[in-house]
Amino acid sequence: MRAKKSLGQNFLQDEGIINNIVKIIHPQAGEKIIEIGPGQGAITQYLQASGADLQLIELDTDLIPLLQQQFGQHDNVQIHHLDALKLKLNNGPFKVVGNLPYNISSPLLISMLYQHTEIKQMVFMLQKEVVQRICAQPGQKLFGRLSVMLQHQFTCSSHLDIPPTAFIPQPKVDSQIVQLIPRENATEVSLPVLESLVKQAFAMRRKTIRNNLKKIISDEQLQSCGIDPGQRPETITVSQYEQLAKMLANHAD
Ligand code: SAM
């Protein structure tokens, strides 16, 4: 079958790497796992064999009959022809995993973030740069919206370096695995408020936080969170963004 670029199809073909990914996922008999974009089943076959209760979410109409043929006879597998961006999780908690189509990775991560109460772990293969963004620390160049939003709710870690040669067809960039585990002590913050705050904070990275947030937050409010208004947005910690979001939410009440 010809791979569809529009659906981000790069199929894994390196058994060593597939095994390493499965080790990180660590599937257990009976646990609920959702695989986004199973494709031709490279990872799926191991998830199925573990005895996990597996739900497959695949958008490509042409792949559905192949998945039915390969996995339809197994009681522990359910196949859904569905856009993962429309996925509504319930009756979790789930492990959500997949070698994600790169074009939907950021919106999918944000959609999963809003459904974090249904999630116990996520393991995704992504473009290396996106994984580096997710895991970046304040002060690093890649620290930005994705880092703040995801680190607010999850402990994020990067694993493995995967070269283009692990796939058919080969992508142009390197890949990595990111593991996200819900933080037990996550600060309670309204996610829409935090999301809108970081969108404005990072609107112009070269500007100071004072300039980016001047319409919504005063210098005094920044200082009350230990922030110098002359700081750049990428130097402010996740916990300081959480404090600012709380302040904004309280003012909106
Ligand atoms: N898991 C397979 C592997 O590792 O070889 C395939 C990975 S490929 C990078 C991404 C898969 O996601 C493809 O099968 C593609 O059809 C599917 N896909 C693309 N967009 C999707 C969406 N919005 N919802 C669900 N699946 C999608």
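A quick note: this is a predicted structure, and the numbers were derived from the prediction, not measured.

Focus: the packing of helix H5 (residues 128-135) against helix H6 (residues 145-153)
- At a closest axis distance of 6 Å, the pairing of H5 and H6 adopts a crossing angle of 60°. As far as their axial angle goes, H6 and H5 are oblique. Along this stretch, H5 crosses H6, giving a crossing that reads as right-handed. Residues Val130, Arg133, Ile134 and Cys135 of H5 pack against Leu146, Ser147, Leu150 and Gln151 of H6.
- Tallied by class, the residues present in the contact of H5 with H6 amount to five nonpolar, two polar and one charged.

Structural notes on the sheet that holds strand S4 (residues 77-81)
- Strand order in this open sheet of seven strands is S4-S3-S2-S5-S6-S9-S7, and the pairing throughout is mixed. Each of the sheet's edge strands pairs with one partner strand only, and the pair in question is S4 and strand S7 (154-162). Strand-to-strand, the axes of this sheet are offset by a mean angle of 20°, without reference to chain direction.
- Those strands touched by H5 are strand S6 (119-127), S7 and strand S9 (175-182), and its axis lies near 30° from that of S9.
- Lying on the sheet, H6 is in contact with S7 and S9; it crosses S7 at an angle near 120°.

Reading guide: rules and limits
Residues numbered from 1 in each chain as written. Predicted model: local features only at pLDDT ≥ 70, side-chain atom pairs only at ≥ 80, totals over all residues. Heavy atoms only, no water. Axes fitted to C-alpha atoms, helices over the stretch in contact; angles between N-to-C directions. Helix = DSSP H or I, 4+ residues; strand = E, 2+ residues; numbered from the N terminus. Parallel < 35°, antiparallel > 145°, perpendicular 65-115°, else oblique. Left-handed = near helix turned anticlockwise from the far one by under 90°. Contact = heavy atoms within 4.5 Å. Nonpolar A, V, L, I, M, F, W, Y, C, P; charged D, E, K, R; others polar. Pairing = 2+ DSSP bridges.

Geometric descriptors of this kind do not, in isolation, establish any biological role.
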